[in-house]
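Descriptive analysis of the structure
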Amino acid sequence: MKKDKKNAPSKPEEDKPSIIVQEIKLVSPDRNRKDVGTLKQAIERAESVTLPNRYRLMDLYHDVVTLDGHLSGLLEKRTKAVVNKKLTFLDASGRKVDALDPLIRSDKFERLLEVFMERLYYGCSAVEFILGARFDFKEIDRRHIRPEKREIAISQYDIDGISVANLSMVLLIGEPYELGRLLQCSMYALYKRSGFGDFAQFVEIFGQPVRVVKYDAYDKKTQEDLRKVLDESGSSLVMMIPKQADFEMLDGKTSNGTGELQERLINCCNQEMSVSILGNSETTTSSKSSGYAQAEIHADQQKEITASDLRYVENLLNGEFMMSILAGYGYPVEGGHFEFEKEKNIYELQTRLNIDTQLANRVPISDDYFYETYGVPKPDNYDQLKQQQEQRRQAALDALGRGKDDDDESDDGQPEPKKRKVKGGKLYHALADFFGFAP
């Protein structure tokens, strides 16, 4: 008798891989009004020693990032500076492994790099890799991450959760009580939001001319006629004042006639956020006092931050956990490592080349140094090419020596007067150094 497949006993739960993202109970982000007091309460809850929970802070982060165009642009600029760099995988001998190129160019892998970078802004990130034939993962909502205990909470309100040590496919990055760069930016984003509200109110009130009408307080008929005319003549601000009343309007236009005060507050908040995320302000916006030299200094500062981010991402990709995950997907990563292509500055290389050229005339320098420093690929038949180059160099020196002996005698066998004198054999040595230097 055949067994009914529908009634057949299922495999025990321990044989099935646990997918934590399917158990998490998600809640819509909090979009209620937020101010500096809300931020202070969220920070206190996140930094609690006994019952830390970040869901309020993560909701606030999400609110300011999604609604502030300048802040979201700063985060994207710093992230893209890493994601857009050329990344390769090298084997133990330093040769490029082409088998990982499709993975590196995939959208999923690019998103993984972005998640790595977002940890610097939010303070933590976590993903769960999905077993299968293709590289895939699911992001874990940061409101459910508990970096202090290295746990994943099922509900964002839970204090305890499932330990990452029991989740073999979950990668959690972030240190305890690390709240990210958005901690500094959130306060400026909230102040900036209030500044925009004040600016909008200023434009609404003083952006149109104010119509002031005075009437006799005892003339009710005139008052009603004036009100009817004003209501039908447009929507500008209208003030009806009895002649007997003493009225004075202090609108602040004497010191803030164009709304410059609100604009300065907004620009100040933008600059502070730029410094917090990028380490400078001149590579995103320009100021009245900015110049080329100042912009160059700020650009160099941002390059240092980008270099630090590249090392950070490389360390995560080359970690034991990621290597084991990629090996589980069948990628040949044994003994290899990921490496970002080093960016070359043409002006710095020109200066260095001048120094190296003069230095090569005094001390021997390995050809490998020039290949590595200037990013020139070393040919596979390097030894053969080097031998041919040495033969050409020696032939040129021999020809120079024979020409010098022939020039010492004229056609009739008499000594030829010397047209120039080579002191200390400088011409000879210069040619020798030239042919010896070219790799």
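Computed from a predicted structure; not experimentally measured.

Calculation rules
- Residues numbered from 1 in each chain as written.
- Predicted model: local features only at pLDDT ≥ 70, side-chain atom pairs only at ≥ 80, totals over all residues.
- Heavy atoms only, no water.
- Salt bridge = Lys/Arg side-chain N within 4 Å of Asp/Glu carboxyl O.
- Helix = DSSP H or I, 4+ residues; strand = E, 2+ residues; numbered from the N terminus.
- Buried < 20%, exposed > 50% of the residue type's maximum accessible area, 1.4 Å probe, protein only.
- Polar contact = N/O pair within 3.5 Å; in protein donor to acceptor, adjacent residues only side chain to side chain.
- Contact = heavy atoms within 4.5 Å.
- Core = buried A, V, L, I, M, F, W, Y, C linked by side-chain atoms within 4.5 Å.
- Phe/Tyr/Trp six-rings, centres within 6.5 Å; stacked < 30°, edge-to-face > 60°.
- Lys NZ or Arg CZ within 6 Å of the ring centre and 35° of its normal.
- Pairing = 2+ DSSP bridges.
- Axes fitted to C-alpha atoms, helices over the stretch in contact; angles between N-to-C directions.
- Arc of directions from axis to C-beta.
- Parallel < 35°, antiparallel > 145°, perpendicular 65-115°, else oblique.
- Nonpolar A, V, L, I, M, F, W, Y, C, P; charged D, E, K, R; others polar.

What follows deals with the pattern of salt bridges. Summed over all chains, the structure comprises 23 salt bridges. Of the charged contacts, one joins arginine 54 and glutamate 148 as a salt bridge, the two residues approaching to 3.0 Å between their closest N and O atoms. Note that arginine 54 is positioned in the loop between helix 1 (36–46) and helix 2 (55–67) and glutamate 148 in the loop between strand 4 (145–146) and strand 5 (151–152), a separation of 94 residues in sequence. With respect to burial, arginine 54 and glutamate 148 carry one shared label: buried. For glutamate 139, the salt bridge is made with arginine 111, and the minimal N-O distance between the two is 2.7 Å. Taken together, the residues span a long stretch of sequence, with glutamate 139 in strand 3 (residues 137–139) and arginine 111 in helix 5 (residues 107–122) at a distance of 28 residues. A relative accessible area of 39% places glutamate 139 in the partly exposed class. One network of salt bridges, with partners in common, ties together Lys80, Glu110, Arg111, Glu114, Glu118, Glu139 and Arg142.

What follows is about the side chain of aspartate 63. Of note, aspartate 63 is situated in helix 2. Among the polar contacts listed, one links the side chain of aspartate 63 to the side chain of arginine 193, at a separation of 2.9 Å. Every residue in contact with aspartate 63, bar those within four places of it in the chain, is listed here: Asp30, Arg31, Lys34 and Arg193.

Here we take up the nonpolar core. The biggest cluster of nonpolar side chains holds 58 residues, and the ones touching the most others in it are Phe109, Phe116, Phe129, Phe135, Leu182, Val313 and Phe338. For this core, the element with the most residues is helix 5, which contributes 9 residues. Residues within four places of leucine 182 in sequence aside, it is in contact with Tyr61, Val65, Leu71, Leu75, Tyr121 and Tyr122. Counting residues in each nonpolar core, the second largest holds 11 residues, with Cys124, Ile152, Val164 and Leu172 among its members.

Take the side chain of threonine 79 next. Along the polypeptide, threonine 79 turns up in helix 3 (residues 69–83). Judged by its relative accessible area of 8%, threonine 79 is buried. Among the polar contacts listed, one links the side chain of threonine 79 to the side chain of tyrosine 121, at a separation of 2.9 Å. Excluding residues within four positions of it along the chain, threonine 79 makes contact with Glu114, Met117 and Tyr121.

This part covers the packing of aromatic side chains. Within the structure shown, the criterion is met by 10 aromatic pairs. For the pair phenylalanine 109 and phenylalanine 135, a centre-to-centre distance of 6.2 Å together with 55° between the ring planes defines the contact as tilted. A residue pair is termed long-range when its members are at least 10 positions apart, and phenylalanine 109 in helix 5 and phenylalanine 135 in the loop between strand 2 (125–129) and strand 3 qualify at 26 residues. Phenylalanine 135 gets classed as buried once you look at its relative accessible area, which sits at 9%. Ring centres of phenylalanine 129 and phenylalanine 321 lie 6.3 Å apart, and the angle between their planes is 45°; this geometry places the pair in the tilted category. One end of the pair, phenylalanine 129, is in strand 2; the other, phenylalanine 321, is in helix 11 (residues 320–328), with 192 residues separating them in the sequence. For phenylalanine 129, a relative accessible area of 2% translates into the label buried. An aromatic cluster is built from Phe89, Phe109, Phe129, Phe135, Phe137, Phe321, Tyr329 and Phe338, whose rings are joined through pairwise contacts. One Lys or Arg, lysine 108, reaches over the ring of phenylalanine 137 and ends 4.9 Å from the middle of that ring. The side chain of arginine 142 reaches across the aromatic face of tyrosine 122, ending 4.4 Å from its centre.

As a further point, take the sheet that holds strand 6 (residues 162–163). One open sheet accounts for 3 strands, arranged 4-5-6; its pairing is antiparallel. Both edges of this open sheet fall to strand 4 and strand 6, since each of them pairs with a single strand only. Strand direction decides the pairing type here: strand 4 and strand 5, joined by 2 bridges, are antiparallel. Looking at the pairing, arginine 146 lines up with glutamate 151 of strand 5.

The strand order across the open sheet formed by 3 strands is 3-2-7, and the pairing between neighbours is antiparallel. Of all the strands in the sheet, the pair left with one neighbour each is strand 3 and strand 7 (170–173). Taking the axes of each pair of neighbouring strands and ignoring which way they run, one obtains an average angle of 20° across the sheet. Alignment of strand 2 against strand 3, held across 3 bridges, turns out to be antiparallel. Note on strand 3: the bridge partner recorded for glutamate 128 is lysine 138.

What follows covers unusual backbone geometry. A negative phi holds for most residues other than glycine; trans holds for most peptide bonds. Its identity as a non-glycine residue notwithstanding, arginine 150 has a phi of 55°, on the positive side. Tracing the chain through its elements places arginine 150 in the loop between strand 4 and strand 5. Of the residues examined, arginine 150 reaches a relative accessible area of 37% and is grouped as partly exposed. Here tyrosine 177, not a glycine, exhibits a phi torsion of approximately 60°, which is positive. Counting through the fold element by element, tyrosine 177 comes out in the loop between strand 7 and helix 6 (182–206).

Moving on to helix 11. Where helix 11 is concerned, the buried positions are Met322, Met323, Ile325 and Leu326. The buried residues of helix 11 all sit within an arc of 160° when viewed along its axis, so they share a single face. With respect to the buried face of helix 11, the exposed residues turned more than 90 degrees away are Glu320 and Gly328. In the stretch just after helix 11, glycine 330 is the one whose phi turns positive, near 95°.

Take the packing of helix 2 against helix 3 next. Relative to each other, helix 2 and helix 3 sit at 95°, their axes nearing to 5 Å. Judged by the angle between their axes, helix 2 and helix 3 are roughly perpendicular. Taken together, the residues of helix 3 that come into contact with helix 2 (itself represented by Val64, Val65 and Leu67) are Gly69, Leu71, Ser72 and Leu75. Split by residue class, the contact of helix 2 with helix 3 holds 5 nonpolar, 2 polar and no charged.

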